[in-house]
Amino acid sequence: MANGKIRSEKHIFGEQAVMYIQNNIIPVEWVVRQMNPDYGIDLDVELFDYDNDQCITLGEHLFLQVKGTKSPNYGKMKVKDGNIDVIKYQLEVDELELVEKMGSAFPVLLVIVDLNKPCAYQICLNDYIKLVLPNQNPNYKTQESVIINIPLENEV
C-alpha cells in the first residue's frame, strides 16, 4: 500500500510530452503559455515572426492538447486510394466537445508525442470534428471516447 499521493504515469507522460514540445518543436520566437489548471487545452501558443529585424506578433494563437505515450498504437487507416500509416490515439469525447464549443476561430491541435523515439504528430481537431468524424462515426457523441487517426506524415 502506498504511503502518500500517487503520481500516475499518465500525468508523468503528459508533462514529459509538454516539455518535449516546448523545448524541441516550438520556435523560440513564439510565446508559449501553459494552461493551469488544464481542462482540455495544455498550451496557448502565440505566433511571432520577424519584420525588419523586429520580432512582431502575428496576432495568431494555436491551442495545443498534448498527449504523451510510451506505448504508441501505430497502424493503418483506409483511404480512397488504399491505406496510410497513422498513429491511433483514444480521446475522450468530452475533449472533442470542448473544441467544438470553442469554434473554428480557435485552432486546436492534438499533438501526440511518442516518448520512446521521441517524435510528435499533430492533427487539427477542429477539422477532424467537422470533416472526418461525421463520415467515419456520425454517432460519436454517444460514446465516451473515439480513436483519432493521425497520419504519420503529420510529424512535427
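Everything quoted here is computed from the prediction, not taken from an experiment.

Considering the sheet that holds strand β8 (residues 145-151)
- Strands sit in the order β4-β5-β8 across an open sheet of three strands; the sheet is antiparallel. Strands at the two margins of the open sheet, each flanked by one partner only, are β4 (73-79) and β8. Neighbour-to-neighbour, the strand axes of this sheet turn through a mean angle of 50°, independent of strand direction.
- Contacting β5 (82-92) and β8, helix α2 (residues 93-102) crosses the sheet at an angle of about 95° to β5.
- Where helix α3 (residues 125-136) meets the sheet, it contacts β4, β5 and β8, and its direction lies at approximately 110° from that of β8.

A few points about the environment of Lys141
- In this fold, Lys141 is placed in the loop between α3 and β8.
- Along the chain, Lys141 and Glu97 lie 44 residues apart, while their C-alpha atoms are 8.3 Å from each other.
- Excluding anything up to four places from it in sequence, Lys141 contacts Val93, Glu97 and Glu100.

Concerning helix α1 (residues 9-25)
- When the terminal C-alpha atoms of α1 are compared, their 23 Å separation across 17 residues agrees well with the 24 Å that a helix rising 1.5 Å per residue should span.
- Regarding α1, the residues found buried are Phe13, Gly14, Ala17, Val18, Tyr20 and Ile21. The buried residues of α1 all sit within an arc of 155° when viewed along its axis, so they share a single face. Those residues of α1 that are exposed and aimed more than 90 degrees away from the buried face are His11 and Asn23.

What counts as what
- Residues numbered from 1 in each chain as written.
- Predicted model: local features only at pLDDT ≥ 70, side-chain atom pairs only at ≥ 80, totals over all residues.
- Heavy atoms only, no water.
- Pairing = 2+ DSSP bridges.
- Helix = DSSP H or I, 4+ residues; strand = E, 2+ residues; numbered from the N terminus.
- Axes fitted to C-alpha atoms, helices over the stretch in contact; angles between N-to-C directions.
- Contact = heavy atoms within 4.5 Å.
- Expected span 1.5 Å × (residues − 1).
- Buried < 20%, exposed > 50% of the residue type's maximum accessible area, 1.4 Å probe, protein only.
- Arc of directions from axis to C-beta.

Taken by themselves, the reported measurements are silent on function.
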